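Report on the structure
Below, each chain spelled out in residue letters.
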Amino acid sequence: MDSLQTFFIYAVITILMAPLLVVYGIPFIVAAKVFDHFAQLWMKDSTRFIASCGIASLGIAPAYDMYRAPLPIYTHLMGDDSVGTGFMLASFLVTWLIVVVQVKQITHLLHRNG
Amino acid sequence: MDQGKPLPGAMVTAFSADKQRRETVYADAAGRYTLSVDFAGKLTVRARAPYFKDASTEMDLPLIANRTQAFVLQQHSVAAELSESLPASAHLTALSFGSQSSREAFISQCNYCHQVGNTLTRTPRTESAWRDTVLRMEGYFAMLTNKEASDITQVLSKGFDGQPVQAVQKLEWDARIAPAKIKEWVAGDAMTFIHDADVGEDEDLYGADEGHDVIWHLDRKTGKVTEYKEPDIDLPEGGVFAGVQLPIGVFTGKHGPHSMAQAKDGKFWVTNALSSSITSFDPVSKQFKLYEMGRTHLYPHTIRIDKEGIIWFTIVASNEVGRFDPKTEKFTILHLPEEGFWSGVSHYLFPWILKIGAWFPKMNLHMGVNHAKWAFQGRSAFPFPYGIDVNPVDGSIWYAKLNVHKIGRIDPKTQEVTEFDTPLKGPRRLRFDAKGNLWIPAFDESGLMKFDTQTKRFESFKLPLLAHNEYEVPYALNVHPKTGDVWITSNMSDRIFRFLPETKQFVTYALPTRVTWLRDMVFTKDNAVCSSSSNLPAYGIEGGLASFICLYPDGEPAPVLAQK
């Protein structure tokens, strides 16, 4: 029960702080857009989309401090904070999945609204 | 006496047999004292003076009796013992801050509601243990940036190393304190948190126990202490702040009664900090009546009543001042000027963060999303309107914004707000004198400020420190209605200051109980200045219990039972 509650509190904090994570991720999101533009010459659309989302996720995937406050993993690494490899991988994969789903939804909504 | 030489200013304290009452007088220039007490039985009498070891004796006294008791005090000869006897202010000199902003944050936030440097808080700890402590304090709303928290952690782990501190305090005898008497009445237990005390029309003292939803009543004549519990409310423990890990064992209530003021009809009005409400308490019928203002108005704080009977109170965490008319039972909430973008974020988003945080009781969700941290704002993200008072000359309402160093005026008719920057930082619980001058304690800078509301000019005074490298954290003050003297809490060195505006001199009264942390100061008709001793937690106070305290500067007439 305790661990479930802990999981949920991290989830809620992450949702509340998502806009800040996206702001911190802007350099990576820009890099993902640039990659997406140039990679269309040699990469299939679906593969390119997944790869671009992965690049953006590198800038967004969070690690948490002792207050449970999330900041992107890359900012922790730049600040010489240690982040466990397993945690980094898990955070990145979950973020990648969420970014893929979210971008697909946003794209769908944009297409539907003309 | 010190081996034949008198020790003027030495404190002689009689403890009642059950240790629930303490009465203290000072030795005069000749080292003589007269202590009259109205409790009998097996008493303990203790003599205490700075730089000397305590001496005490027990005596069995019938109610009507005289006893002569001399004390010979031995000077401390062991550095560690002398160091142990020094107040927190001396131990704080062991802390060496590399950054001025971190030092300011430490003074403002780490001394916010208790001493640091007393026996409880100066225990040597590893950096990791101090990190946990600082983290816990941040959970209790100490608002620090990550850099400030890290600096403070390091300074505490290095500074409090268990080594004795040097005693360099200068103590000067002031004959003006000789007639004074101090009375203390213990109330509650080690977890009691009597935030504020007020004196009633019946001349008894009443105290708001923020931790336990209790109003304490002290009959000053008999010494009897009675508690009255506030009615229950549909909120979890911790009230609106249920998601916050408040000090364990202390905050077991839902209302959090905080500050109190008595209206002309005899009813006390009390702010309930945790339930976003105010309550009336009738000291005759002992009945409470609750008025809720809406749970987005966070932490109603200091309360005062104007001449029209309108109740005014600050709402610290929402940057608001509340107005309540008891006749219509209607609230008007005034939103005070924002201090930039982030203070607006606090105002509009923080209530929702607390609501969401309450889904996770006592888990401190707010710390994970706190813009005081991620936006590098620290305490300035929350302006904290704190003390409030009514100008007796024109009826205007004045408040202090603690964290952004401002005072403000509210026109009671138009509700127009005008603010002024204070010359010293940390304006806390301010009060007016009869002429309409506003007196303001500067918590962050060991100071006292006077603001002339006519000329709009400030005058600043430095509090008398025990040593050049110490500091004080004056929390509250009050101006005596007859003498005009300003009585100020010291809170870091177990003293009370009395400022004489005519001569601009301070008179300093040492207090007999270590770790005395006083709040609102009130005056009785028999010329005592009273307060609650409410270091948080109470078990940090010498003796481990909170108390009511009254200082009679001219002594208290009573039958003489003990005499030298």
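Residues numbered from 1 in each chain as written. Chains lettered and ligands numbered in written order. Predicted model: local features only at pLDDT ≥ 70, side-chain atom pairs only at ≥ 80, totals over all residues.

Section: the overall build of chain A
Test applied: Secondary structure follows DSSP: runs of H or I at least 4 residues long count as helices, runs of E at least 2 residues long count as strands, and numbering of each begins at the N terminus. Labels follow a simple rule on C-beta atoms placed from the backbone: if 20 or more others lie within 10 Å of a residue's own, it is buried; if 12 or fewer, it is exposed; otherwise it is partly exposed. We call two residues in contact whenever the C-beta atoms placed from their backbones are within 7 Å.
Tallying secondary structure elements over chain A gives five helices and two strands in all. Listing each helix as α and each strand as β along chain A from the N terminus yields α-α-α-β-β-α-α. The principal-axis extents of the C-alpha atoms in chain A amount to approximately 45 × 35 × 20 Å. Counting over 114 residues, chain A shows a buried share of 22%. If you take every contact in chain A between residues at least 6 apart in sequence, the share linking residues at least 24 apart comes to 63%.

So, the overall build of chain B
What counts, and what does not: The globule rule used for comparison is 2.2 Å times the number of residues to the exponent 0.38, while the radius of gyration itself is calculated over C-alpha atoms.
For chain B, the count of helices and strands is eight helices and 34 strands. Taken against the 2.2 N^0.38 rule, which gives 24 Å for 564 residues, the C-alpha radius of gyration of chain B at 23 Å falls within 12% of a compact globule. The principal-axis extent of the C-alpha atoms belonging to chain B is close to 65 × 55 × 50 Å. By residue count, 51% of the 564 residues in chain B fall in the buried class. Residue pairs in contact within chain B that sit at least 24 positions apart in sequence constitute 56% of those at least 6 positions apart.

With respect to the sheet that holds strand E6 (residues 181-186) of chain B
Residues and elements named next belong to chain B. Convention followed: Pairing between strands requires that DSSP locate at least two bridges from one strand to the other.
With antiparallel pairing, the eight strands of this open sheet are ordered in space as E5-E4-E1-E2-E6-E33-E32-E31. Looking at strand neighbours, the two that pair on one side only are strand E5 (55-61) and strand E31 (522-523), the edges of this open sheet. Taken together, the seven bridges between strand E4 (residues 41-48) and E5 define a ladder with antiparallel strand orientation. Its bridge partner lying in E5, Leu 43 is registered against Met 59.

Details of the nonpolar core
Keep this limit in mind: Here, a nonpolar core denotes buried Ala, Val, Leu, Ile, Met, Phe, Trp, Tyr and Cys residues that are linked to one another through C-beta atoms within 7 Å.
By size, the foremost hydrophobic cluster in this structure holds 147 residues, and its most contacted members are Val 12, Trp 269, Ile 440, Leu 448, Cys 530 and Leu 551 of chain B. The element contributing the most residues to this core is strand E33 (residues 547-552) of chain B, with five residues. Residues Cys 53, Ile 55, Ile 60 and Ile 73 of chain A belong to the second largest nonpolar core, which totals ten residues.

Thoughts on helix H6 (residues 341-357) of chain B
Our working definition: Under the convention used throughout, the expected extent of a helix is 1.5 Å for every residue step, that is, one less than its residue count.
Compared with the 24 Å implied by 1.5 Å per residue over 17 residues, the 23 Å span of H6 of chain B between its first and last C-alpha is a close match. Among the residues of H6 of chain B, Ser 343, Ser 346, His 347, Phe 350, Leu 354 and Gly 357 of chain B are the ones counted as buried.

Considerations on the interface of chain A and chain B
To be explicit about the condition: Each residue is assigned to one class: nonpolar for Ala, Val, Leu, Ile, Met, Phe, Trp, Tyr, Cys and Pro, charged for Asp, Glu, Lys and Arg, and polar for all the others, Gly among them.
Taken together, the contacts link eleven residues of chain A with ten residues of chain B. Counted by class, the side of chain A that touches chain B contains nine nonpolar, one polar and one charged residues.

Overview of the pairing of E4 of chain B
All names here are of chain B. Of the strand pairs in this sheet, strand E1 (residues 11-15) and E4 are connected by five bridges, and their pairing is antiparallel. Following the sheet pairing, Thr 13 is matched in E4 by Arg 46. Linking two consecutive strands that pair antiparallel, namely E4 and E5, is a turn of six residues; a positive phi of about 75° is found at Tyr 51 within it.

A short note on the packing of helix H3 (residues 100-110) of chain B against helix H5 (residues 146-159) of chain B
Residues and elements named next belong to chain B. Filter applied, for reference: Axis definition: a line fitted to C-alpha atoms, over the contacting stretch in the case of helices. Angles run 0 to 180 degrees between N-to-C directions. Here roughly perpendicular refers to angles of 65 to 115 degrees, roughly parallel to angles under 35, roughly antiparallel to angles over 145, and oblique to all remaining angles.
The N-to-C vectors of H3 and H5 enclose an angle of 85°; their axes lie 9 Å apart at closest approach. With respect to their mutual orientation, H3 and H5 come out roughly perpendicular. Across from Ser 102, Ala 105, Phe 106 and Cys 110 in H3, the residues of H5 making contact are Glu 148, Asp 151 and Ile 152. Of the residues assigned to the contact of H3 with H5, the class counts are four nonpolar, one polar and two charged.

Re the domain arrangement of chain B
Counted only if it meets this: Annotation comment: domain bounds sourced from an automatic or database domain assignment.
The domains assigned to chain B are domain 1 (11-83), domain 2 (85-159) and domain 3 (383-508). Between the C-alpha centres of domain 1 of chain B and domain 3 of chain B the distance comes to 35 Å.

Some details on the sheet that holds strand E25 (residues 447-452) of chain B
Residues and elements named next belong to chain B. The antiparallel open sheet is built from four strands, whose spatial order is E23-E24-E25-E26. Each of the sheet's edge strands pairs with one partner strand only, and the pair in question is strand E23 (431-432) and strand E26 (457-462). In terms of strand pairing, E25 meets E26 through six bridges, oriented antiparallel. Bridging from a neighbouring strand, Leu 448 pairs with Phe 461 of E26.

Things to note about H3 of chain B
Taken together, the buried positions of H3 of chain B are Ser 102, Ala 105, Phe 106, Ile 107, Ser 108, Gln 109 and Cys 110 of chain B. Residues of H3 of chain B that are buried in the fold lie against helix H4 (127-139) and H5 of chain B.

A look at the environment of Thr 503 of chain B
Mapped onto the fold, Thr 503 of chain B is located in the loop between strand E29 (495-500) and strand E30 (505-510). Along the chain, Thr 503 of chain B and Ile 488 of chain B lie 15 residues apart, while their C-alpha atoms are 16 Å from each other.

Here's the deal with the confidence of the model for chain B
Residue and element names in this part refer to chain B. Here is the rule: The quantity called pLDDT is the predictor's confidence in a given residue, expressed from 0 to 100.
Averaged over every residue, the pLDDT of chain B is 95; the share at 70 or more is 98%. Here residues 559-564 is modelled with pLDDT under 50, and outside its nearest four sequence neighbours on either side it reaches 24 contacts, counting other chains as well. At the level of chain-chain contacts, confidence expressed as ipTM amounts to 0.91, with global pTM at 0.94.

Some remarks on the packing of helix H2 (residues 26-39) of chain A against helix H3 (residues 45-60) of chain A
Residues and elements named next belong to chain A. Operational definition: Put simply, a crossing is left-handed when the front helix is turned counterclockwise from the back one by less than a right angle, and right-handed when it is turned clockwise.
Two elements in contact, H2 and H3, have axes whose closest approach is 7 Å; the angle formed by their N-to-C orientations is 160°. Taken as axis vectors, H2 and H3 run roughly antiparallel relative to one another. Where H2 crosses over H3, the handedness of that crossing is right-handed. Contacts between H2 and H3 involve Pro 27, Phe 28, Ile 29, Ala 31, Ala 32, Phe 35, Asp 36 and Ala 39 from the former and Arg 48, Ala 51, Ser 52, Ile 55, Ala 56, Leu 58 and Gly 59 from the latter. Taken together, the residues of the contact of H2 with H3 break down into eleven nonpolar, two polar and two charged.

Observations regarding unusual backbone geometry
All names here are of chain B. Residue Pro 537 is bonded to the preceding Leu 536 through a cis peptide linkage, with omega at 5°. Unusually for a residue other than glycine, Gln 415 sits at a positive phi of about 60°. Take Gln 415: it is sitting in the loop between strand E21 (406-410) and strand E22 (417-421). The backbone of Ser 446 sits at a positive phi, close to 50°, despite the residue not being glycine. Along the chain, Ser 446 turns up in the loop between strand E24 (437-442) and E25.

Some thoughts on the environment of Gly 223 of chain B
All names here are of chain B. In this fold, Gly 223 is placed in the loop between strand E9 (214-218) and strand E10 (225-229). The class of Gly 223 is partly exposed, set by 16 C-beta atoms lying within 10 Å. A sequence separation of 37 residues divides Gly 223 from Val 186, and the C-alpha atoms of the two residues are 9.4 Å apart.

So, the pairing of strand E13 (residues 277-281) of chain B
Residues and elements named next belong to chain B. Among the five residues of E13, four are classified as buried, and the element is accordingly described as predominantly covered. Where strand E12 (residues 268-272) meets E13, five bridges bridge the pair, whose relative direction is antiparallel. In the sheet register, Asn 272 faces E13, and the bridge partner there is Ser 277. Following E13, the chain reverses through six residues before pairing antiparallel with strand E14 (residues 288-292); Lys 286 in that reversal takes a positive phi of roughly 65°.

Comments concerning the environment of Thr 57 of chain B
All names here are of chain B. Looking at the element boundaries, Thr 57 is found in strand E5. C-alpha separation for the pair Thr 57 and Ala 70, spaced 13 residues apart in sequence, amounts to 9.9 Å. Setting aside anything within four residues of it in sequence, one finds Thr 57 in contact with Val 45 and Gln 69.

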